[in-house]
Amino acid sequence: MTPADSVQSPNVHSFQMKNSRYLLLRLKIVFMLFYKRKLSIKKIINVIGCYLSYYLKSEKSARYPFTISFELSNECNANCLFCRTERGEIYNQNPAGQLFIEKGSMPFELFTQVIDEVKNHMLMAILYVNGEPLIYKRLADAVEYASRNNVATMIATNGILLTEKNIEHLLGAGLDFIKVAVSGFTQSTYSRQNRHGDIEKIKQNLKMLKVANDRLGSRSIIMIDFIYYDYNEGEIFPAKAFFEDLGFMFNLRKGNTSHMEGVVPVTVMPTIESLPVCDWPWKILTINWNGDVFPCCDYVVWSGMSAYRRLTTGDIDIAEIWNGPKARGYRKIHCRDGRRAIPICTDCKRSSVTFKY
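Along every chain, residues carry numbers that run from 1 in the direction the sequence is written. A pLDDT threshold of at least 70 governs which residues receive local features in this predicted model, and a stricter bar of 80 or more applies before side-chain atom pairs are shown or counted, although totals over entire chains, interfaces and linings include all residues. For the side-chain quantities, the full set of heavy atoms in the structure was used; hydrogens and water were omitted.

## With respect to the state of the cysteines
Line of reasoning, step 1. Count a disulfide wherever a pair of cysteine sulfur atoms falls within 2.5 Å. The full count for this structure, using the stated rule, is 0 disulfides.
Line of reasoning, step 2. Here C83 is not cross-linked by a disulfide; its sulfur's nearest cysteine counterpart is in C76, at 6.6 Å.
Line of reasoning, step 3. C297 takes part in no disulfide bond, and the closest cysteine sulfur, belonging to C296, lies 4.3 Å away.

## With respect to the environment of S105
Line of reasoning, step 1. The numbering of helices and of strands both runs from the N terminus, where a helix is a DSSP run of H or I of at least 4 residues and a strand a run of E of at least 2. Relative to the elements of secondary structure, S105 occurs in the loop between strand 3 (100-101) and helix 4 (108-118).
Line of reasoning, step 2. Each C-alpha atom, one on S105 and one on N74, is 7.0 Å from the other, the two residues being 31 residues apart in sequence.
Line of reasoning, step 3. The contact criterion used throughout is that any non-hydrogen atoms of two residues lie within 4.5 Å. Discounting chain neighbours no more than four positions away, the residues touching S105 are L72, S73, Y136 and W289.

## Concerning the confidence of the model for the chain
Line of reasoning, step 1. Confidence of the predictor at the level of single residues is captured by pLDDT, which takes values from 0 to 100. Averaged over all residues, the pLDDT of the chain is 90; the fraction at 70 or higher stands at 89%.
Line of reasoning, step 2. Across residues 1-10, confidence stays below pLDDT 50; counting only partners more than four residues off in sequence or on other chains, it has 7 contacts.
Line of reasoning, step 3. Scored below 50 in pLDDT, residues 16-20 shows 9 contacts in the model against residues more than four places distant or in partner chains.

## Quick notes on the side chain of N205
Line of reasoning, step 1. Tracing the chain through its elements places N205 in helix 8 (residues 199-215).
Line of reasoning, step 2. Not counting residues up to four positions away in its chain, the partners in contact with N205 are G159, I160, L162 and I167.

## Here's the deal with the nonpolar core
Line of reasoning, step 1. Of all hydrophobic cores here, the largest spans 78 residues; its most connected members are F70, F111, V114, L127, F243 and I287.
Line of reasoning, step 2. The dominant element in this core, judged by the number of residues it contributes, is helix 4, at 6 residues.
Line of reasoning, step 3. Those residues within four positions of F111 in sequence are excluded, and the remaining contacts are F70, L72, M106, L127, A142 and A146.
Line of reasoning, step 4. In this description, a nonpolar core means a group of buried Ala, Val, Leu, Ile, Met, Phe, Trp, Tyr and Cys residues linked to one another through side-chain atoms lying within 4.5 Å. Here the term buried applies to any residue with accessible area under 20% of the maximum for its type, exposed to any over 50%, and partly exposed to those in between, with areas from a 1.4 Å probe on protein chains only. Counting 19 residues, the second-largest nonpolar core is a separate cluster that includes I29, F66, Y128 and I221.

## With respect to the environment of R328
Line of reasoning, step 1. Relative to the assigned elements, R328 resides in helix 12 (residues 325-337).
Line of reasoning, step 2. On the basis of relative accessible area, R328 is assigned to the partly exposed category, the value being 32%.
Line of reasoning, step 3. For the pair formed by R328 and E59, sequence separation is 269 residues and the distance between their alpha carbons is 4.8 Å.

## A few points about the pairing of strand 1 (residues 67-70)
Line of reasoning, step 1. Of the two faces of strand 1, both are covered, the one formed by T67 and S69 as well as the one formed by I68 and F70.
Line of reasoning, step 2. A pair of strands is considered paired only if DSSP assigns at least 2 bridges between the two. As judged from the 3 bridges shared by strand 1 and strand 4 (residues 124-126), these two strands associate in the parallel manner. Opposite I68, over in strand 4, you have A125 as the bridge partner.

## Quick look at helix 9 (residues 236-245)
Line of reasoning, step 1. I236, A239 and F243 are the residues of helix 9 that are buried. Seen end-on, helix 9 carries its buried residues on one side only, within an arc spanning 65°. Seen from the buried face of helix 9, the exposed residues on the opposite side, beyond 90 degrees, are A241 and D245.
Line of reasoning, step 2. With its phi angle positive at about 90°, G247 sits one or two positions after the end of helix 9. The directions from the helix axis to the C-beta atoms are what the arc is built from.

## Examining helix 5 (residues 139-148)
Line of reasoning, step 1. Regarding helix 5, the residues found buried are L139, A142, V143, Y145, A146 and S147.
Line of reasoning, step 2. Residues of helix 5 that are buried in the fold lie against helix 4, strand 5 (152-157) and helix 6 (164-173).
Line of reasoning, step 3. Backbone geometry just after helix 5 places N150 at a positive phi near 60°.

## A word on unusual backbone geometry
Line of reasoning, step 1. A positive phi is found at N79, a non-glycine position, where the angle reads about 50°.
Line of reasoning, step 2. For N79, the position within the fold is in the loop between strand 1 and strand 2 (90-91).
Line of reasoning, step 3. N79 sits in the buried class, given a relative accessible area of 6%.
Line of reasoning, step 4. One non-glycine residue, N150, lies in positive phi territory at about 60°.
Line of reasoning, step 5. Mapped onto the elements of the fold, N150 is located in the loop between helix 5 and strand 5.
Line of reasoning, step 6. Judged by its relative accessible area of 37%, N150 is partly exposed.

## Considerations on the sheet that holds strand 7 (residues 221-228)
Line of reasoning, step 1. The mixed open sheet is built from 9 strands, whose spatial order is 8-7-6-5-4-1-9-10-11. Looking along the sheet, the strands with just one partner apiece sit at the ends: strand 8 (249-254) and strand 11 (309-310).
Line of reasoning, step 2. With 2 bridges joining them, strand 9 (residues 284-287) and strand 10 (residues 292-294) adopt antiparallel strand pairing. Looking across to strand 10, one finds that T286 is bridged to F294.
Line of reasoning, step 3. Angles run from 0 to 180 degrees between N-to-C directions of axes, and those axes are lines fitted to C-alpha atoms, restricted for helices to the stretch in contact. Sheet strands touched by helix 2 (residues 23-35): strand 4, strand 5, strand 6 (177-182), strand 7 and strand 8. Its angle to strand 7, the strand with the most contacts, is close to 160°.

## Re the packing of helix 5 against helix 6
Helices that pack against each other are described as a pair by the angle of their axes relative to one another and the distance between those axes.
Line of reasoning, step 1. The interhelical angle for the contact between helix 5 and helix 6, taken along N-to-C directions, is 15°, at an axis separation of 8 Å. On the basis of their axis angle, the class for helix 5 and helix 6 is roughly parallel. Pair helix 5 / helix 6 crosses with right-handed handedness. Residues L139, A140, V143, E144 and S147 of helix 5 pack against H169, L170 and A173 of helix 6.
Line of reasoning, step 2. In this classification, the charged set is Asp, Glu, Lys and Arg, the nonpolar set is Ala, Val, Leu, Ile, Met, Phe, Trp, Tyr, Cys and Pro, and all remaining amino acids, among them Gly, are polar. For the contact of helix 5 with helix 6, the class distribution of residues is 5 nonpolar, 2 polar and 1 charged. Roughly parallel refers to an angle under 35 degrees, roughly antiparallel to one over 145, roughly perpendicular to one between 65 and 115, and oblique to any angle outside these ranges. In this scheme the crossing of two helices becomes right-handed for a clockwise turn of the near helix relative to the far one and left-handed for an anticlockwise turn of less than a right angle.

Set out below in structure tokens:
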């Protein structure tokens, strides 16, 4: 480590610890829900019920999850090294499974039917899991449908497809929260993780997003998620100044080193024995593009795990699934045996509900 590194690193790590908790973001989301009249007594009661059932470690949660993540499409146009091959094949995180994850897109009618059922109880629809949501052809329609039913919406994007047309459609449809992931402030740094994408073009796209958000009075929350590695440490603070000058929130999080041999040292996270029982099974559902309903977003890139159920258009019953035998059994296993009882949970370090990166 150089003397410069020894001075800078503590500041970076301190910044990371303060910003990765999303505390200000959560407050902004609550205010946004209240301002846009997307908060109701039923929704508040449902959230309280989810939290109480988790703290009491009940097998049954509230009537519905307060958030659902929808994998509308798992295609992506950035092909980051840690996630996909150069040809765009999605790495399977299950070491015992097939090499890659199957691709597809969710039928729009399946999405709308889920919203129809949960709209009076759910706070937010998160319209991505592993894919780039702007590839989904009916993304703006999905945002508009949820907004019309007073359900807040959020996407995370790499920013490549934030064209003027797409920005106008999304903000016009009522998108509430946009998270943009970047891994550098110069092209040479940015391209070390991302096989595709032009960071200068992405900066211009974000300037257009700022102008449109102000002009349309959308009040959408915009946050930059800067993916931190040792090699891009020197670009964190210039990026922070640039994006905060646009009025965006700025968050720093540690990058994924999987499949990045030769770019960064591949790290193995230490085992943490004292993590609490995961709260996701009491609060959130994930619906994959094929209708598979899972307790967590990580399941979409981990093959071989049994879904709670597979939804099909015309056969939607989230309430029954949410507190059905499989979901209740899953919660019971977590309470009785902890994370190590389920392979996908064994090395998971999540300790509270946050957004899928």
